[in-house]
Every structure is written in structure tokens, then in C-alpha cells.
Amino acid sequence: TSATLALGSPTIMGCCLRQLQLFSTCMAFSLGASVGTWKGAIGNWSMFIWCFCFVLTLLILIVELCGLEGHFPFSWDNFLITCNCYSALLCLSASIIYPIIYIQFFSNSHDWDRTIISTAFSCIAFVAYAMDVTWARAQPNMITGYMATVPGLLKGLETVVACVIFVFLSNTSLYLHQPALEWCVAVYSICFVLSSVAILLNLGKCDSRPSIPFSVFQVVLTLLSVLLYTTALLLWPLYQFNEELGRQLQRSSDVNCSSGISTSVCIWDQQLAVVSLTAINLLIYVTDLVFSTHLNFNSG
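For clarity, every value in this text was computed on a predicted model and none was experimentally measured.

Draft legend 1. Focus on the overall build of the protein. Check the secondary structure of the protein and you find 9 helices and 0 strands. The secondary structure elements of the protein, listed N-terminal to C-terminal, are α-α-α-α-α-α-α-α-α. Looking at the protein residue by residue over its 300 residues, the buried ones come to 44%. Pairs at least 24 residues apart make up 76% of the contacts formed inside the protein by residues separated by at least 6 positions. In the structure as shown, the protein presents an accessible area of about 14900 Å², 70% of it carried by carbon and sulfur atoms.

Structure below.
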């Protein structure tokens, strides 16, 4: 009894962190819903993240309280670290893009305070999930899951940033009937699939097969993603901010950007957001490539 009730034991610490995660995601979701952030892709994305993390954490807590961890045909610890890492990355993305959009929308509204508090709870959720991962890694004889390693976190970041790009691309008028811009969308989709496949293969322990040079395969995939993202970073701003193609070169040229309080992002801001996120993801892929190449040479 003393082992299970001691401060810092898996039961006590795990339950405390789960409850904090549940409370913070529930509060962020509830406050976001109360100010009507269902409207618009950014609001839907943030609300989905908080709801998804809440449900996933609730299911994990139920499994742990019922002692059902050993009934699954996979490593529960690895699954738990993977879920917590992704939940932390998702809450981090919501904590960044939600206030950037909605704090300015509600700056002159009575909903401004609730938007700030919702963002604060989202940040608390991110910290709670990050603490969960850190605490799990600090346990003696703990086998660190792939998502808790630097390569795993980089791959997770690549997929999360790609998802945020897809949120802005939900406005198909940004790229339809423009072959160069449609190519950029294809790049985001291809690289997202490649990163997801790499994560799944690592989680499935397919990298342990001696017949597959998996480390080299990962480097090749990452290099391909770097090259593809480089073309997207060149083509997207070239075609989106070209006056000859009927695009607005400056934000002031888009009348929707100065139309007052709204719950949707204007076209110019969406274009700029995709450019910025493309540059960020390219930097992540380059870091991933350098790190993977360094590991590959050292292991060889």
C-alpha cells in the first residue's frame, strides 16, 4: 500500500497529471465554445484539439484505474508516451494560433477575457502533458518511447505543423486552378504522409529488421521532404503575392483584413500564415535531416 500511495509513484503522479490535463482541456474547450469560436477553421482546429485530448486522456485514465494496461497487444508505456507527446504538441499549436487569431477579433468585446483564460488553460494543458512525458522518462528502467526522443519529437512536429497548414488550406480559393499552388498543396500532403509513415514504422519496431537499412531510409525520406518543401517555400509566396496574377502585395490591399471584428481570417493573412508555416516546417525538416545524418554516421 505504501508503494502505491507514495508521492511520485506511478499511480499518484499519473492520476494528478491526468486530472490536471482533463481539467485544463475541458476549461479551454468550454471557454472557447462560450465565445463562439466554432466559426472558422482556426476555431474548429483548436476546439478539436482540446476535445480530442480530453477524450483521449479520459480513456487513458479509465484504463489505468481499472488496471487494464496489460490487456493490450502493444507496449502500454510506449503508447502512453506517444499520446502524451502528441497531446503536448497539439496543445502547443492551439496555444499559439488560437490567441493570435481570436484575441485580436475579441479585443473590443466582452469575450476578450474568456479568450485569454482559454488560452491560459491551453498552455497549462501543454505543460501538464510535457511534464507527464518528462516524468515518465525519468523513471528507472523506463524504455523511452520513440516519440520521446529527439527524432520522434521532430517527426511529430512536422506532422502537427502540416496539420495547421491544412487548416489554412481549407479555403480552397487560395490555390485552386493554379498548378504551382496545387503543387505546393501536394508537397504538404506527400511530406505529411512520409513523416507519418516513418513514425508508424518506428512505433511498430519495423526498424529492428536487419534486412531493412531503416536509418538510411529515414535520411532519404527526410532529404526528399526538404527538397519538396524548398520548392513550396519558393512557389507559394511567388504566386500568392504576385500583382500580375491579381494577388494583393500588401495587407492593406485586402479589404477583408480591415473590415472590423470577424471570426474568420482574411485571405492575405491566410496566405502569409501558409508561407510562415512552410518556412517553419522546412527548418524542422532541415534540423531532422542534420540530426538523422549525424546519428547515422556515428552509428556507422
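Here the narrative resumes.
Draft legend 2. Structural context of empty space enclosed by the protein. Counted by the stated rule, this structure contains 1 cavity of 30 Å³ or more. Approximately 40 Å³ is the volume attributed to the largest cavity. If you trace the largest cavity, you find it lined by K155, E158, L194, S195, A198, L221, T222, S225 and Y285. Elements with a contribution of two residues or more to the lining of the largest cavity: α6 (150–168), α7 (179–203) and α8 (214–240).

Conventions and cut-offs
Residues numbered from 1 in each chain as written. Predicted model: local features only at pLDDT ≥ 70, side-chain atom pairs only at ≥ 80, totals over all residues. Heavy atoms only, no water. Helix = DSSP H or I, 4+ residues; strand = E, 2+ residues; numbered from the N terminus. Buried < 20%, exposed > 50% of the residue type's maximum accessible area, 1.4 Å probe, protein only. Contact = heavy atoms within 4.5 Å. Areas by Shrake-Rupley, 256 points an atom, 1.4 Å probe, with all protein chains shown as cover. 1 Å grid on protein atoms, 1.4 Å probe; cavity = no way out; pocket = protein on both sides within 12 Å on 5 of 7 lines; lining within 4 Å. Points joined across faces, edges and corners; volume = space filled by probe spheres on them.

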